[in-house]
Amino acid sequence: MMPIVETTAAALEEKIRKRTARVGVVGLGYVGLPLAVEFAKAGFRVTGIDVSEDKTRRVNAGDSYVGDIPSATLAPLVEAGKLRATTDFGAVADLDTINICVPTPLRKTKDPDMSFIVSSCQDIARHFHPGMLVILESTTYPGTTDEVVLPMLTKSGLEAGRDFFLCFSPERVDPGNPKYQTANIPKVVGGCTPACTEMGRLFYAQALEQVVPVSSTQVAEMVKLLENTFRMINIGLANEIAMMCDRIGINVWEVIDAAATKPFGFMPFYPGPGLGGHCIPIDPFYLSWKTKQAGIEARFIELAGYINGQMPHFAADKVQNALNDAGKAVKGSRIHIMGVAYKRDIDDMRESPALDVMLLLQRLGATIGYSDPHVASLRLDGVELKALPEEAAGDADCVVIVTDHSVFDYRALVERARLIVDTRNALKGVVSKKIVRL
Ligand SMILES: NC(=O)c1ccc[n+]([C@@H]2O[C@H](COP(=O)([O-])OP(=O)(O)OC[C@H]3O[C@@H](n4cnc5c(N)ncnc54)[C@H](O)[C@@H]3O)[C@@H](O)[C@H]2O)c1
């Protein structure tokens, strides 16, 4: 008789290879929905599980709420029975694989908030059965998969690598990036045991172009934190250089562009009004929280966090100085913000620095309006603001480009605006006395 390890593994392996494995994705947000779509496109029957009734209803209606997934891609998969969504974790009983893509925010104290991972794993554990592959994709500190998820799944007496397979695989999706999307971004995966890693590798290889296996879940968890810490610190450096250049009267954008002509040993990062999104401002603090427990202060992270946190103030000061130079005060001025999403060409407002810049200027006595084709309305200090047409910039005393969406008509903006503070170098190459650059 074949040993149980081989039979369990062989049975799942066969289902994955034949694409008859029933795939589950828990958390259908910016990460989970594109992943579910990719596996459905690869021929698997996919079930998405989310606590949001609104999201599951929209998925089942073929109506996408994620910018990178057109409804025209989603709807045919739903109609063909390849993808469905539910709020009922009972569906886990029929699944062979589960990818967990739930949020991992920070608490106010900058400690990791594990509550979404814990609650989704508790729900999964209730319907867990032998022969499953579970992969955590939510960004988290090294040790989470082995220390938090594994004990919840082994409570049933099942053993990882023998009765089921558990991995961590960092998600690298870059919303709004037309070149790199879920299918062609290499996927790192590390399992609790070599058999787990191999099962994870085999699974992703069915739908994604390149899989990069690593030796453990901790390595895979750390890969993501290195990537995002690298970005956060380099952006912090670019921001500090921008403040230095401003003080001594040098155009930082010209400096970075010229430095970027070096064909080796330099990679350009750009300053801006502050960090935004669910990753760069947050993930490095997962690492600093973890290393603090091991007695190591993450000094680069704390410093970059401080500098990046200064940028909305720096941008607001720029606006104040520009208005003063034009003989006006911020108090009583009308200020129009161009772009409020946290980065170009997306609709995501999470941690957007635009909100900080707007709030700082409002507190100085300005009246704030904004244009953003991706964000119809927002709440500022508890009050709802609705997006205005781009023409409204012509009525303002000062326009601030906070997010450089590509659909904005910058030529018309320069013509109609009285004064522009450009925090993104969106008006690169345009020469005008009206323009003040970060
Ligand atoms: N958005 C990005 O660009 C990005 C990139 C890389 C990694 N990540 C990471 O991926 C993870 C998910 O991020 P996201 O941007 O997709 O978040 P999101 O908020 O867009 O989506 C998360 C989804 O999980 C659902 N959810 C919450 N609790 C749940 C539960 N207990 N059970 C089932 N569903 C639940 C929410 O309703 C939501 O639909 C995070 O750890 C994030 O750091 C995000």
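Model, not experiment: these values are computed from the prediction.

Rules behind the numbers
Residues numbered from 1 in each chain as written. Predicted model: local features only at pLDDT ≥ 70, side-chain atom pairs only at ≥ 80, totals over all residues. Heavy atoms only, no water. Helix = DSSP H or I, 4+ residues; strand = E, 2+ residues; numbered from the N terminus. Near = heavy atom within 4 Å. Polar contact = N/O pair within 3.5 Å; in protein donor to acceptor, adjacent residues only side chain to side chain. Areas by Shrake-Rupley, 256 points an atom, 1.4 Å probe, with all protein chains shown as cover. Nonpolar A, V, L, I, M, F, W, Y, C, P; charged D, E, K, R; others polar. Core = buried A, V, L, I, M, F, W, Y, C linked by side-chain atoms within 4.5 Å. Buried < 20%, exposed > 50% of the residue type's maximum accessible area, 1.4 Å probe, protein only. Contact = heavy atoms within 4.5 Å. Salt bridge = Lys/Arg side-chain N within 4 Å of Asp/Glu carboxyl O. Pairing = 2+ DSSP bridges. Right-handed = clockwise from strand over helix to strand, strands pointing away. Patch = residues over 30% accessible without salt bridge, like charges linked within 9 Å, V, L, I, M, F, W, Y side chains within 5 Å. 1 Å grid on protein atoms, 1.4 Å probe; cavity = no way out; pocket = protein on both sides within 12 Å on 5 of 7 lines; lining within 4 Å. Points joined across faces, edges and corners; volume = space filled by probe spheres on them. Arc of directions from axis to C-beta.

### Things to note about unusual backbone geometry
Part 1 of the argument: Not every positive phi belongs to a glycine, and Arg19 is a case in point at roughly 60°.
Part 2 of the argument: In this structure, Arg19 sits in the loop between helix 1 (4-18) and strand 1 (22-26).
Part 3 of the argument: A positive phi angle, close to 70°, is found at Lys110, a residue other than glycine.
Part 4 of the argument: Tracing the backbone shows Lys110 in the loop between strand 4 (97-100) and helix 5 (115-126).

### A few points about the site of the ligand
Part 1 of the argument: Neighbouring residues of the ligand: 28 residues in total, closest Val31, Asp50, Lys55, Thr104 and Thr139.
Part 2 of the argument: Between an oxygen atom of the ligand and a side-chain N or O atom of Thr104, the distance comes to 2.6 Å.
Part 3 of the argument: Between the ligand and Thr139, the relevant distance is 3.0 Å, taken from an oxygen atom to a main-chain nitrogen or oxygen of the residue.
Part 4 of the argument: Here the ligand has 830 Å² of accessible area as a free molecule, and 93% of this is covered by the chains.
Part 5 of the argument: Looking at the shell around the ligand element by element, the count peaks at three residues for helix 5.
Part 6 of the argument: When the residues that make up the shell around the ligand are grouped by side-chain class, the tally is 14 nonpolar, nine polar and five charged.

### Digging into the nonpolar core
Part 1 of the argument: Counting residues in hydrophobic clusters, the biggest one holds 46 residues, and the most contacted among them are Ile98, Ile100, Ile124, Phe128 and Leu153.
Part 2 of the argument: No other element matches helix 8 (residues 217-248), which puts six residues into this core.
Part 3 of the argument: Contacts of Ile98, omitting those with residues within four sequence positions, involve Gly24, Val26, Val92, Ile124, Met132, Leu133, Val134 and Ile135.
Part 4 of the argument: In terms of nonpolar packing, the next biggest core, distinct from the first, is built from 39 residues, Val23, Leu28, Ala36 and Ala207 among them.

### A few points about the pattern of salt bridges
When the charged atoms of two side chains with opposite charge come close together, those side chains can pair.
Part 1 of the argument: Tallied over the full model, the rule gives 26 salt bridges.
Part 2 of the argument: The residue Glu147 makes a salt bridge to Lys290 at a minimum N-O spacing of 3.8 Å. In this pair, Glu147 sits in helix 6 (residues 144-154) while Lys290 sits in helix 10 (residues 283-293), placing the two residues 143 residues apart along the sequence.
Part 3 of the argument: Classification of Glu147 by relative accessible area gives partly exposed; the value is 48%.
Part 4 of the argument: Under the relative-accessibility criterion, Lys290 is labelled partly exposed at 22%.
Part 5 of the argument: Across the pair Arg162 and Asp163 runs a salt bridge, and its minimum N-O distance is 3.0 Å.
Part 6 of the argument: Connected via shared salt-bridge partners are Lys328, Arg334, Asp397 and Arg418.

### Brief notes about the pairing of strand 5 (residues 133-136)
Part 1 of the argument: Of the two faces of strand 5, both are covered, the one formed by Leu133 and Ile135 as well as the one formed by Val134 and Leu136.
Part 2 of the argument: Looking at chain direction, strand 4 and strand 5 are connected through four bridges and run parallel. Paired with Asn99 across the two strands is Ile135, which belongs to strand 5.
Part 3 of the argument: Following the chain from strand 4 across helix 5 to the adjacent parallel strand 5, one finds a crossover that is right-handed.
Part 4 of the argument: After leaving strand 5, the chain enters helix 6 and then returns to the sheet as strand 6 (residues 165-168), a path that is right-handed.

### Notes on a nonpolar patch on the surface
Part 1 of the argument: A contiguous nonpolar patch, built from Leu226, Phe230 and Met267 and spanning about 320 Å² of accessible area, is present on the exposed surface.
Part 2 of the argument: Turning to its location among the elements, Met267 is positioned in the loop between helix 9 (252-259) and helix 10.

### Details of the layout of surface pockets
Part 1 of the argument: Taken as a whole, the second largest pocket spans an internal volume of roughly 530 Å³.
Part 2 of the argument: Those elements that provide at least two residues to the lining of the second largest pocket are helix 11 (299-325) and helix 12 (353-363).
Part 3 of the argument: Here the lining of the second largest pocket gets five residues from one element, more than from any other, and that element is helix 11.
Part 4 of the argument: Per-class residue counts for the lining of the second largest pocket are 12 nonpolar, six polar and four charged.

### Structural notes on helix 6
Part 1 of the argument: Looking only at helix 6, the buried set comprises Thr144, Thr145, Val148, Val149, Met152 and Leu153. Buried residues along helix 6 cover an arc of 115° about the axis, so they all sit on one side.
Part 2 of the argument: Contact partners of the buried residues in helix 6: helix 5, strand 5, strand 6 and helix 8.

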